[in-house]
Amino acid sequence: MKTEVLELNNYSLQLASKYINAGELVAFPTETVYGLGANALNEDAVKKIFIAKGRPSDNPLIVHISDKSMIDSIAYPLNSDSQKIVDCLMPGSITIVLNKKPSISDFVTAGLSTVAVRMPKSVQAREFIDACKVPIAAPSANLSSRPSPTTAMDVYEDMNGRIPLILRGDDCAVGIESTVLDLSRDYPLILRPGIVTASEISKVLGKEVKVLTDTKSKVNSPGVRYKHYAPSCPVALEIEDNIDRVNVLYEKLLKEKQNPVILCIDKFVSAFANKNVVSLGSDDVDVAKNIFMELRACEKHYTYIIEVFCPQNEVGYSVMNRMTKSAGGNILHD
Ligand code: TXA
Ligand code: MG
C-alpha cells in the first residue's frame, strides 16, 4: 500500500474522511502524540489498527471525540466525578474510562465493559474527528513496543506501506500520551500518568486520586503490561543524577566498541562535555516533549542510550514512567 503524507488542510481532511468512512486507517496529529485512527463504530476498521501496529488484541483503544455531546453515544450517563472532569479538563490531555454502551464493539475495548474516551486539546485533531463525523478509535501511531511518534515523519517511519494516509500537522507540544483516569470504579484511579497530574485532578474532584503503581496488575490498564517505548538499541536509566556511575558505564561501553550517547537535561550537558551527549531541554515539561523524538533520533546514530533523569515534579514522574519502560527496567545502581 502506498502511504501519502499530506499537510492537514481542507483538502486532506476531506480525503481523510473518505478513508475513515470507507473503513481505512488515517494517522493524525494530537497535542500528545500522533494517533492511528479508525471509525470506532466499524469493527473491521478497528481490527486493521491491531494489524497495522502489531498490537496485542487484548490491549484496548481510546475513542476520540471532537464534541462533548458525542460521549452520550459511547458511554452510560456520567456520575458526578466524570461530569466534573468533562466540564473542567476536557478538551485536554486526559482520557477517562467510563462504562461503555453497546455501540462500541468489544474489539475496541478488548472485551472490557468500559471504554476510554478522550477529547484532544489539539484543534487539528478535533478538525479531523469533525470532518469524519464519527468517533475515532486510535492508539498512538507507532509500531507496537516502539517509542510513540511526535512528528509526522516518526509516523511515516513506522507506518509506511501499512496505511493510506498520514495527516501532517503540528509537532506534538506535550510529547507523552494522555493521562488515563479510570472513573468506572468506586474511586478515581490514574492508570497511566501524563501531563494532567493527580494534583490537578484532585483539585477538580475535591478528593484524593490514586495512581496505579502495580504495573503488573492485569485488572487495570491492560496496556501497561507490554514492552513499551523501546528504541532499536539497548537503553539504561540513571535516576539519581549519579554522574560517576554514568561515566563508568560509558567507558565500559567504549571498551566494548559500542557507540553510546547520554540523554540528559541542560544542566548536566557540560558534565559530559567530552562524550556523546544530547540535551532533553531545561525542565520536566521539556523532557516530556523531547524524549520520544530523541530516542528515535539516537537509535539511528548510536548503539546504546543512557538516559539521565531525576523527576523534579509530578510531570517528571510521568516522564519517568515512560523512561523506565524504554529502558526495559534497566535502572543503574551500585
Ligand atoms: O495521548 C493519547 O492518549 C494517545 C493519542 C493518540 O490520543 N493515544 C494513546 O493510545 O496513547 P494507546 O492505545 O497507545 O494507549 C491507550 C492506553 C493503553 O494503556 C490502554 O490499555 C488504555 O489506554 N486503555 C484503553 N481503554 C481502556 C479501558 N477501557 N480500561 C483501561 N485502560 C484502557
Ligand atoms: Mg501507545
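Provided above is the structure to which this section pertains.
Definitions and limits used
Residues numbered from 1 in each chain as written. Chains lettered and ligands numbered in written order. Predicted model: local features only at pLDDT ≥ 70, side-chain atom pairs only at ≥ 80, totals over all residues. Heavy atoms only, no water. Pairing = 2+ DSSP bridges. Helix = DSSP H or I, 4+ residues; strand = E, 2+ residues; numbered from the N terminus. Contact = heavy atoms within 4.5 Å. Axes fitted to C-alpha atoms, helices over the stretch in contact; angles between N-to-C directions. Buried < 20%, exposed > 50% of the residue type's maximum accessible area, 1.4 Å probe, protein only. Arc of directions from axis to C-beta. Polar contact = N/O pair within 3.5 Å; in protein donor to acceptor, adjacent residues only side chain to side chain. Core = buried A, V, L, I, M, F, W, Y, C linked by side-chain atoms within 4.5 Å. Near = heavy atom within 4 Å. Areas by Shrake-Rupley, 256 points an atom, 1.4 Å probe, with all protein chains shown as cover. Nonpolar A, V, L, I, M, F, W, Y, C, P; charged D, E, K, R; others polar. Parallel < 35°, antiparallel > 145°, perpendicular 65-115°, else oblique. Left-handed = near helix turned anticlockwise from the far one by under 90°. Salt bridge = Lys/Arg side-chain N within 4 Å of Asp/Glu carboxyl O.

J.: Got a sec to walk through the sheet that holds strand E8 (residues 165–168)? Specific residues and values, please.
T.: The strands making up a sheet are joined through hydrogen bonds of the backbone, oriented either antiparallel or parallel. Spatial strand order, E1-E8-E2-E3-E7-E4-E6-E5-E9-E10-E11: 11 strands in an open sheet with mixed pairing. With partners counted over all chains shown, the strands left at the sheet margins are strand E1 (4–7) and strand E11 (210–211), one partner each. As defined by bridge partners, strand E3 (residues 35–39) adjoins strand E7 (residues 136–138) across two bridges and the pair is classed as antiparallel. By the bridge assignment, Ala38 is partnered in E7 with Ala137. Sheet strands touched by helix H3 (residues 80–89): strand E5 (94–99) and strand E9 (179–182). Its angle to E5, the strand with the most contacts, is close to 155°.

J.: Describe helix H5 (residues 123–132), and please don't skip the residues or the numbers.
T.: When H5 is considered as a whole, its buried residues turn out to be Gln124, Ala125, Phe128, Ile129, Ala131 and Cys132. Looking straight down H5, one finds that the buried residues subtend no more than 160° of arc, so they occupy a single side. Of the surrounding elements, those touching the buried residues of H5 are helix H1 (10–21), strand E2 (26–28), strand E4 (62–64), E7 and E8. Between the side-chain oxygen of the N-cap and the backbone nitrogen of Gln124 there are 3.3 Å, and the N-cap of H5 in question is Ser122. At the C-terminal side of H5, Lys133 shows a positive phi close to 60°.

J.: Residues and numbers for the nonpolar core, please.
T.: Considering soluble globular proteins, one finds that nonpolar side chains tend to be buried as a cluster. Within the largest apolar cluster, 102 residues are counted, with the highest numbers of intra-cluster contacts made by Phe128, Ile201 and Ile306. Tallying contributions element by element places helix H10 (residues 284–301) first for this core, with six residues. In contact with Ile201, other than residues within four places in its own chain, are Ile85, Leu89, Ile94, Thr179, Leu181, Ile190, Val196 and Val209. Residues Ile62, Val97, Leu191 and Leu212 belong to the second largest nonpolar core, which totals seven residues.

J.: Describe in detail the site of ligand 1, supporting the description with residues and values.
T.: In the region of ligand 1, 27 residues are neighbours, and Thr32, Asn59, His64, Arg118 and Ser178 sit closest. Ser178 has a polar side-chain atom sitting 2.5 Å from an oxygen atom of ligand 1. Arg192 is positioned such that a nitrogen or oxygen atom in its side chain is 2.9 Å from an oxygen atom of ligand 1. Protein coverage of the free-state accessible area of ligand 1, which is 680 Å², stands at 97%. Elements with a minimum of two residues in the shell around ligand 1: E4, strand E6 (114–118) and strand E10 (189–192). With four residues, E6 is the largest single contributor of residues to the shell around ligand 1. Across the shell around ligand 1, the residue classes tally to 14 nonpolar, nine polar and four charged.

J.: Can you lay out the environment of Gly175 for me, pointing to particular residues and giving the numbers?
T.: Residue position: Gly175 is located in the loop between E8 and E9. On a C-alpha basis, the gap between Gly175 and Val248 in space is 31 Å, while along the polypeptide they are 73 residues apart.

J.: Can you explain the packing of H3 against helix H7 (residues 198–205)? Please cite residues and give values.
T.: Relative orientation of the contacting elements H3 and H7 amounts to 115°, with a least axis distance of 9 Å. The pairing of H3 with H7 is recorded here as roughly perpendicular in orientation. Read as a crossing pair, H3 and H7 show a hand that is right-handed. Where H3 approaches H7, its residues Asp81, Lys84, Ile85, Cys88 and Leu89 are matched on the opposing element by Ile201, Val204 and Leu205.

J.: Explain the sheet that holds strand E14 (residues 277–279) to me, and be specific about the residues and the numbers.
T.: Read across the open sheet, the four strands follow the order E12-E15-E13-E14; overall the sheet is parallel. Across the chains shown, the open sheet's two edge strands, defined by having one partner strand only, are strand E12 (235–238) and E14. Put simply, the sheet's adjacent strands are angled 20° from each other on average, direction ignored. In this sheet, strand E15 (residues 304–308) lies alongside strand E13 (residues 260–264) in parallel orientation, the contact comprising four bridges. Following the sheet pairing, Val261 is matched in E15 by Ile305. Packed on one face of the sheet, helix H8 (residues 243–255) meets E12, E13 and E15 and runs near 175° to E15.

J.: Describe the pattern of salt bridges, naming the residues involved and giving the relevant values.
T.: Inspection of every chain in the model, using the stated rule, returns 20 salt bridges. The closest approach of N and O atoms between Arg146 and Glu299, which form a salt bridge, is 2.8 Å. Of this pair, Arg146 sits in the loop between E7 and helix H6 (152–159) while Glu299 sits in helix H10; the two residues are 153 residues apart in sequence, bridging distant segments of the chain. Both residues of the pair, Arg146 and Glu299, belong to the buried class. A salt bridge links Arg296 to Asp158; the nearest nitrogen and oxygen atoms lie 2.9 Å apart. Pair noted here: Arg296 is in helix H10 and Asp158 is in helix H6, with a separation of 138 residues, a long-range link. Through salt bridges with shared partners, a single ionic network connects Arg146, Glu157, Asp158, Arg296, Glu299 and Lys300.

Keep in mind these numbers describe shape, not what the thing actually does.
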